[in-house]
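Listed below are the residues making up each chain.
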Amino acid sequence: MHIQNILNSIEDEHGTKLAHGTYKTMKVTLSAIFTEARNLGVYDGANPTTGVRIPKGKKHGRKRLAYSLDEILTHLGLFTSDPIIVPQPLPRKRKTTRITRRRTGIKAEVYVAGISANQMRAIIGVTAFAALRKGEIRGLWWDDDRGEMLAICRSVWNTTLKSTKTDEDVDEPGLVPVIRPLRLLLDAIRPETAAGFMFPNRCGGALDLDNIADRILKPVFEANGMQWKGWQAYRRGLATNLKELGVEDTTIQCILRHEDVSTTQRFYIKTVPRVAQEAMRVLEEKIACTAVVQQTAVN
């Protein structure tokens, strides 16, 4: 009863702002807590989450957006020279440079990014062409670059170095092929003595990609009339782009390193409109000359 009241109170406060899946996760988490408590001998009784109604919430959670190949190439084209100028004002505590736009005469604050264009392109390339998760990108060391392959050995969450989502490690790393365009992007930032994090911050630790997105990518994209869809959109984009090229779902699963192909199919492969149109065109050609269709046309 108490568990039901907890979920009901959350539903009363948030309603359909939360997805049904989120409410479901809450119940599963509470159930796991009581199960563990029983296993440890600190609770003796039935699991109180049994029979608890899960609030309906909204049908779908966050939109699972994906970047098309054209969008990815456009993103790379935004960062071709140094320094990277962010065309929107940032908080006063950050170092800014005042400029005057000659045509309008309007003064605007711009931010000079502390990351090079080549680094920015390499980060986008690793995400879009190798489909690494955000934490895996942060956890890349130069030792993981094995020429034709990237070894995925670790992940970084906040400041914590840990194993990847699929428990890959140094002894049994996940291996992702490095295509030629990505090879060029990585070689462009490879130092003479390559060691440590591939994408370090100023202190030598792992670069904060959320910070990079907030301070650089979002304002640059907005200034160019584009939408920032998040880092995961690059990973979904690769799955979708490979699917359009006729790659088997199980192969895409292998590249994205999912444990189950259903995860790849449900959450990562996005059917784009032109693919659906082409599929219907093929169907049209297949049935256009059949007897039943011709008879219907005559009637």
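Residues numbered from 1 in each chain as written. Predicted model: local features only at pLDDT ≥ 70, side-chain atom pairs only at ≥ 80, totals over all residues. Heavy atoms only, no water.

Digging into the overall build of the protein chain
- Within the protein chain one finds 12 helices and seven strands.
- The proportion of buried residues among the 299 residues of the protein chain is 35%.
- Contacts in the protein chain between residues at least 24 apart in sequence constitute 63% of all its contacts with a sequence separation of at least 6.
- Accessible surface, the protein chain as shown: approximately 18700 Å² in total, 53% of it carbon and sulfur. (Helix = DSSP H or I, 4+ residues; strand = E, 2+ residues; numbered from the N terminus. Buried < 20%, exposed > 50% of the residue type's maximum accessible area, 1.4 Å probe, protein only. Contact = heavy atoms within 4.5 Å. Areas by Shrake-Rupley, 256 points an atom, 1.4 Å probe, with all protein chains shown as cover.)

Some remarks on the packing of helix α4 (residues 117–130) against helix α8 (residues 232–244)
- It is at 7 Å that the axes of α4 and α8 come closest, and there the two elements cross at 40°. Relative to α8, α4 is oriented oblique. Residue-level contacts link I124, T127, A128, F129 and A130 of α4 to Y234, R235 and L238 of α8.
- Considering only residue class, the contact of α4 with α8 consists of six nonpolar, one polar and one charged. (Axes fitted to C-alpha atoms, helices over the stretch in contact; angles between N-to-C directions. Parallel < 35°, antiparallel > 145°, perpendicular 65-115°, else oblique. Nonpolar A, V, L, I, M, F, W, Y, C, P; charged D, E, K, R; others polar.)

Quick look at the side chain of S155
- Mapped onto the secondary structure, S155 falls in strand β5 (residues 155–157).
- From its side chain, S155 meets the backbone oxygen of G135 in a polar contact 3.4 Å long. (Polar contact = N/O pair within 3.5 Å; in protein donor to acceptor, adjacent residues only side chain to side chain.)

So, α4
- Here α4 is 14 residues long and its end C-alpha atoms lie 19 Å apart, about the 20 Å a rise of 1.5 Å per residue gives.
- Judged by how many residues are buried, α4 sits mostly within the fold: 11 of 14 residues are covered. (Expected span 1.5 Å × (residues − 1).)

Describing the packing of aromatic side chains
- Throughout the structure, instances matching the rule amount to seven aromatic pairs.
- Taking the centre distance of 5.4 Å and the plane angle of 65° together, the rings of F34 and Y43 count as edge-to-face.
- Accessibility expressed as a relative area gives 28% for Y43, which makes it partly exposed.
- Taken together, a centroid distance of 5.7 Å and an interplanar angle of 65° make the contact between F221 and W228 edge-to-face.
- Judged by its relative accessible area of 0%, F221 is buried.
- A network of ring pairs unites the aromatic residues Y67, F221, W228, W231 and Y234 as a single cluster.
- Sitting over the ring of W141, R154 keeps its end group 3.7 Å from the ring centre. (Phe/Tyr/Trp six-rings, centres within 6.5 Å; stacked < 30°, edge-to-face > 60°. Lys NZ or Arg CZ within 6 Å of the ring centre and 35° of its normal.)

Here's the deal with the environment of E172
- Summarising the element assignment, E172 is placed in the loop between β6 (160–162) and β7 (174–177).
- Measuring from C-alpha to C-alpha, the distance between E172 and C153 comes to 7.6 Å, with 19 residues separating the pair along the chain.

Examining the environment of H20
- For H20, the location among the structural elements is in helix α2 (residues 20–40).
- As for H20 and G57, which are separated by 37 residues in sequence, their C-alpha atoms are 4.4 Å apart.
- Discounting residues that sit within four places of it in the chain, H20 has contacts with I54, P55, K56, G57 and K58.

Topic: the pattern of salt bridges
- Across all of its chains, the model carries nine salt bridges by this definition.
- Linking R53 and E11 is a salt bridge whose minimum nitrogen-to-oxygen distance equals 3.3 Å. In this pair, R53 is assigned in the loop between α2 and α3 (69–77) and E11 in helix α1 (residues 2–14), connecting sequence segments 42 residues apart.
- On the basis of relative accessible area, R53 is assigned to the partly exposed category, the value being 42%.
- R183 is paired through a salt bridge with D145; the nearest N and O atoms lie 2.6 Å apart. Taken together, the residues span a long stretch of sequence, with R183 in helix α6 (residues 180–187) and D145 in the loop between α5 (134–138) and β4 (149–152) at a distance of 38 residues. The exposure classification of R183 matches that of D145, with both residues buried. (Salt bridge = Lys/Arg side-chain N within 4 Å of Asp/Glu carboxyl O.)

Observations concerning the packing of α4 against helix α7 (residues 209–223)
- In the contact formed by α4 and α7, the axes pass within 13 Å of each other and the chain directions differ by 120°. For the element pair α4 / α7, the angle class is oblique. Seen along the crossing, α4 lies across α7 with a hand that is left-handed. Residues M120, I123 and I124 of α4 lie in contact with α7, whose contacting residues are L209, I212, I216 and L217.
- Within the contact of α4 with α7, the residues separate by chemical class into seven nonpolar, no polar and no charged. (Left-handed = near helix turned anticlockwise from the far one by under 90°.)

Nothing here speaks to function; it is all geometry.
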